[in-house]
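Letter by letter, the chains look like this.
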Amino acid sequence: MALVPGTLSPTRKVPAHIARPEYVGKPAPAPYTGPEVQSAETIEKMRIAGRIAARAMEEAAKLIEPGVTTDQLDVVAHEYMCDHGAYPSDLGYRGFPKSICTSINEVICHGIPDSTVLQDGDIINIDATAFIHGVHGDLNATYLCGNVDEESKLLVERTREALNRAIKAVKPGRQVNIIGRVIESYAKRFDYGVVRDFTGHGINTSFHSGLIIPHYDSERATQTIKPGMTFTIEPMLTLGSYDYDIWEDGWTVVTKDRKRTAQFEHTLVVTADGAEILTLP
């Protein structure tokens, strides 16, 4: 049965002493004009932000079971980030009303936590980003709710594997399109769709720096990977078409054929010989 929007709870409060990203209260963030290669100090701050985001996501995921609402997951992640001095980056980003994204079944990304109740057999993605010390850490993962069918389990496992393979492909001197090439070639083995219009992105003091990381083999993604670059990889694979619709809320992206989709994400820094994951708990 296709998902429908639920009811939103009131906007959650963030303690006044927690620093806000510059975009809060504005229609859009200021364009990022800094470098894609970050200083050691910025990278260390991103490790802290990434760790908080990862732990907030894990805490929320502990609640996943039939009968729980996506809004309850948002409460846990929001409170964890605030309790650890971090601002939930999603809250107020281009007007987004909640602190994490919760994307169920056919929702590709940007699902809004609300009164929707998780059902036995659902799959759900939690996407959490924390802002602290002036930088962001961003990750997501797809979880199983109750007794999930084998086809959906395999989709989730293989999407995680696609991310892992893409991370291993990151090497200084290669072009960014190696990432999408690895993901797409793996996904094609199982006839999965690879979402094209929603991508990985540069991240640092800016939530989205302007650097684009496609998850398919793109001729345009010719930027050279350099040590110190920080970005996300977040493949979205589908059981059917990668075409999509967007709900009237302007955020929730669903597969056009309403078939299921899964996603995994980490924030990375490029090292001298590969990549380090910055969003580990």
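Residues numbered from 1 in each chain as written. Predicted model: local features only at pLDDT ≥ 70, side-chain atom pairs only at ≥ 80, totals over all residues. Heavy atoms only, no water.

Per an unreviewed UniProt entry, the protein chain carries the name Methionine aminopeptidase and comes from Kitasatospora paracochleata. According to UniProt, the comment filed for the protein chain under the heading Function (unreviewed entry) is "Removes the N-terminal methionine from nascent proteins. The N-terminal methionine is often cleaved when the second residue in the primary sequence is small and uncharged (Met-Ala-, Cys, Gly, Pro, Ser, Thr, or Val). Requires deformylation of the N(alpha)-formylated initiator methionine before it can be hydrolyzed." (UniProt positions renumbered as here; feature names shortened; annotations may be inferred.)

K.L.:
Would you take a moment to explain helix H3 (residues 150-169) for this structure?
P.N.:
The periodicity of an α-helix, 3.6 residues per turn, causes residues three or four positions apart to be oriented the same way. The end-to-end C-alpha distance of H3 is 28 Å, a good match for the 28 Å that 20 residues give at a rise of 1.5 Å each. Among the residues of H3, Ser152, Leu155, Val156, Thr159, Ala162, Leu163, Ala166, Ile167 and Ala169 are the ones counted as buried. Looking down the long axis of H3, one finds its buried residues gathered within 165° of arc, a one-sided arrangement. In this structure, H3 carries Glu150 and Lys168 as exposed residues pointing more than 90 degrees from its buried face. At the N-terminal boundary of H3, the capping side chain belongs to aspartate 149, with an oxygen 3.2 Å from the backbone nitrogen of glutamate 151. (Helix = DSSP H or I, 4+ residues; strand = E, 2+ residues; numbered from the N terminus. Expected span 1.5 Å × (residues − 1). Buried < 20%, exposed > 50% of the residue type's maximum accessible area, 1.4 Å probe, protein only. Arc of directions from axis to C-beta. Polar contact = N/O pair within 3.5 Å; in protein donor to acceptor, adjacent residues only side chain to side chain.)

K.L.:
I would appreciate a short explanation of the sheet that holds strand E6 (residues 193-194) in the present structure.
P.N.:
Within a sheet, neighbouring strands are paired by backbone hydrogen bonds and run either parallel or antiparallel to one another. In spatial order, the strands read E6-E10-E13; together these 3 strands make up an open sheet with antiparallel pairing. Edge positions in the open sheet fall to E6 and strand E13 (261-263), since each of these has one partner strand only. (Pairing = 2+ DSSP bridges.)

K.L.:
What is the right way to look at the UniProt feature "binding site: a divalent metal cation 2" (unreviewed entry) in the protein chain in this model?
P.N.:
In the numbering used here, UniProt assigns the feature "binding site: a divalent metal cation 2" (unreviewed entry) to Asp138, His201, Glu234 and Glu265. Separation in sequence by 128 residues is not matched in space for these annotated residues, since their most distant C-alpha atoms are only 10.8 Å apart. Considered against the largest pocket, the annotated residues that line it turn out to be Asp138, His201, Glu234 and Glu265. Of note, glutamate 234 is situated in the loop between strand E9 (230-233) and strand E10 (236-238). (1 Å grid on protein atoms, 1.4 Å probe; cavity = no way out; pocket = protein on both sides within 12 Å on 5 of 7 lines; lining within 4 Å.)

K.L.:
Could you clarify how one ought to interpret the sheet that holds strand E14 (residues 266-270) in this entry?
P.N.:
On the basis of which strands lie adjacent, the open sheet formed by 3 strands has the order E9-E14-E15 and antiparallel pairing. Edge strands, defined here as strands with exactly one partner in the open sheet, are E9 and strand E15 (275-277). Taken pair by pair, the neighbouring strands of this sheet meet at an average axis angle of 40°, ignoring direction. Summarising the sheet, E9 and E14 pair through 4 bridges and their orientation is antiparallel. Considered in E14, the bridge of phenylalanine 231 is made with leucine 268. (Axes fitted to C-alpha atoms, helices over the stretch in contact; angles between N-to-C directions.)

K.L.:
I'm lost on the pairing of strand E5 (residues 135-144) in this one. Help?
P.N.:
Regular strands place their side chains on alternate faces of the sheet. Extensive coverage of E5 is indicated by the burial of 8 of its 10 residues. As judged from the 10 bridges shared by strand E4 (residues 123-132) and E5, these two strands associate in the antiparallel manner. Within the sheet, the bridge partner assigned to isoleucine 126 lies in E5 and is alanine 141. Here E4 folds back onto E5, and the loop between the two strands holds 2 residues, one of which, histidine 133, carries a positive phi near 55°.

K.L.:
Can you help me understand the packing of helix H1 (residues 40-61) against helix H2 (residues 70-83) in this one?
P.N.:
Two numbers describe a pair of packed helices, the interaxial angle and the distance between the axes. Closest axis-to-axis distance for the H1/H2 pair is 8 Å, and the angle between their directions is 150°. Seen from above, H1 lies across H2 with right-handed handedness. Listed contacts from H2 to Ile52, Arg55, Ala56, Glu59 and Ala60 of H1 are Leu73, Val76, Ala77, Tyr80 and Met81. Partitioning the contact of H1 with H2 into residue classes produces 8 nonpolar, no polar and 2 charged. (Left-handed = near helix turned anticlockwise from the far one by under 90°. Contact = heavy atoms within 4.5 Å. Nonpolar A, V, L, I, M, F, W, Y, C, P; charged D, E, K, R; others polar.)

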